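# Descriptive analysis of the structure
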Amino acid sequence: MANYKLKINGETFQVDVEDDTPLLWVLRDHLGLVGTKFSCGIAQCGSCTVHVNGEATYSCTLPVSSIGSSEVTTIEGLSKNGDHPVQKAWEEIDVAQCGYCQAGQIMNAAAFLKKNPKPTLEEIENAMNRNLCRCGTYHKIREAVALAAKMK
């Protein structure tokens, strides 16, 4: 076991875990940040998306040993009051059905819009393509990302 000092959501945490422990399990099991979801475990669905230095990153296969001094943001740290433009758009469009993929979808959308604040619908579709939704709410996801871009 090794001791890691992690910067998560603007705070510093220390954890004592194995080098190959995925960041997802550090967040959920060691820090109680359970907004980031486990689904596939093979970096294919996007439910576990967090930001690492502002980049949308799958946390289910990312070893904690690779984090170093990087800044990690989870859905809990995206905004204090759920008032990030993407979160507000998600609520206005009523995107969620079962809701399981939503944290990962929102984190991916927020990172995308930070890089591309005025995307086309095609760019939104391509960016959001990396996250799966079991309920098939892709049209609402696309609509909410477009609305969030207008809110900024």
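Figured I'd write up the structure that's included with this text. (Residues numbered from 1 in each chain as written. Predicted model: local features only at pLDDT ≥ 70, side-chain atom pairs only at ≥ 80, totals over all residues. Heavy atoms only, no water.)

## Concerning the side chain of Ser79
Under the convention used in this document: Counting from the N terminus, the helices are DSSP H or I runs at least four residues long and the strands are E runs at least two residues long. Per-residue accessibility, obtained with a 1.4 Å probe over protein chains only, is compared with the maximum for each type, and a residue is labelled buried under 20%, exposed over 50%, and partly exposed between these values. Pairing of N or O atoms within 3.5 Å defines a polar contact, subject to two protein rules: one partner must be a possible hydrogen donor and the other a possible acceptor, and residues neighboring in sequence count only if both atoms are side-chain atoms.
Relative to the helices and strands, Ser79 is located in the loop between helix 2 (75-78) and helix 3 (85-93). Judged by relative accessible area, which is 12%, Ser79 ranks as buried. Within the local environment of Ser79, its side chain forms a polar contact with the backbone nitrogen of Asp83, the two atoms lying 3.1 Å apart. Side chain to side chain, Ser79 and Gln87 meet in a polar contact 2.5 Å long.

## Observations regarding helix 3
One full turn of an α-helix is made of 3.6 residues, so residues set three or four places apart face in the same direction. Which entries qualify depends on this criterion: The contact definition used throughout considers only heavy atoms, calling two residues in contact when any of these lie within 4.5 Å.
Those residues of helix 3 that sit buried are Pro85, Val86, Gln87, Ala89, Trp90 and Ile93. Where helix 3 is buried, its residues contact helix 2, helix 4 (102-115) and helix 6 (138-151). Asp94 sits one or two residues past helix 3 and shows a positive phi near 60°.

## A closer look at the sheet that holds strand 2 (residues 11-17)
In plain terms, the rule: At least two DSSP bridges between two strands are required for those strands to pair. Axis geometry follows a simple rule: fit a line to the C-alpha atoms, using only the stretch in contact for helices, then measure angles between N-to-C directions, giving values from 0 to 180 degrees.
The mixed open sheet is built from five strands, whose spatial order is 2-1-5-3-4. Strands at the two margins of the open sheet, each flanked by one partner only, are strand 2 and strand 4 (55-58). Here the average twist between neighbouring strands, direction ignored, is 40°. With seven bridges joining them, strand 1 (residues 2-8) and strand 2 adopt antiparallel strand pairing. Note that in strand 2 the partner of Leu6 across the bridge is Phe13.

## Observations regarding the packing of helix 3 against helix 4
Heads up, the rule is: Small angles under 35 degrees read as roughly parallel and large ones over 145 as roughly antiparallel, with 65 to 115 read as roughly perpendicular and the rest as oblique. The handedness criterion is simple: a crossing whose near helix is rotated anticlockwise from the far helix by less than a right angle is left-handed, and one whose near helix is rotated clockwise is right-handed.
Where helix 3 contacts helix 4, the axes come no closer than 9 Å and their chain directions differ by 130°. When the axis of helix 3 is compared with that of helix 4, the two are oblique. Taken as a pair, helix 3 and helix 4 cross one another with a handedness that is right-handed. Taken together, the residues of helix 4 that come into contact with helix 3 (itself represented by Val86, Gln87 and Trp90) are Gln102, Gln105, Ile106, Ala109, Ala110 and Leu113.

## Looking at the pattern of salt bridges
As a reminder, the rule being used: Here, a salt bridge means any side-chain nitrogen of Lys or Arg that lies within 4 Å of a carboxyl oxygen of Asp or Glu.
The tally for this structure, following the rule as stated, stands at two salt bridges. A salt bridge links Glu55 to Lys115; the shortest N-O distance between them is 2.7 Å. Residue Glu55 is located in strand 4, and its partner Lys115 is located in helix 4; the two are separated by 60 residues in the primary sequence. In this structure, the salt-bridge partner of Arg142 is Glu125, at a minimum N-O distance of 3.0 Å. Remark: Glu125 occurs in helix 5 (residues 121-128) and Arg142 occurs in helix 6; sequence separation between them is 17 residues. Judged by its relative accessible area of 26%, Arg142 is partly exposed.

## Digging into the environment of Asp83
Structurally, Asp83 is set in the loop between helix 2 and helix 3. Judged by relative accessible area, Asp83 falls into the partly exposed class, the value being 42%. For the pair formed by Asp83 and Asp94, sequence separation is 11 residues and the distance between their alpha carbons is 15 Å.

Limitation: the analysis is restricted to geometry and does not speak to function.
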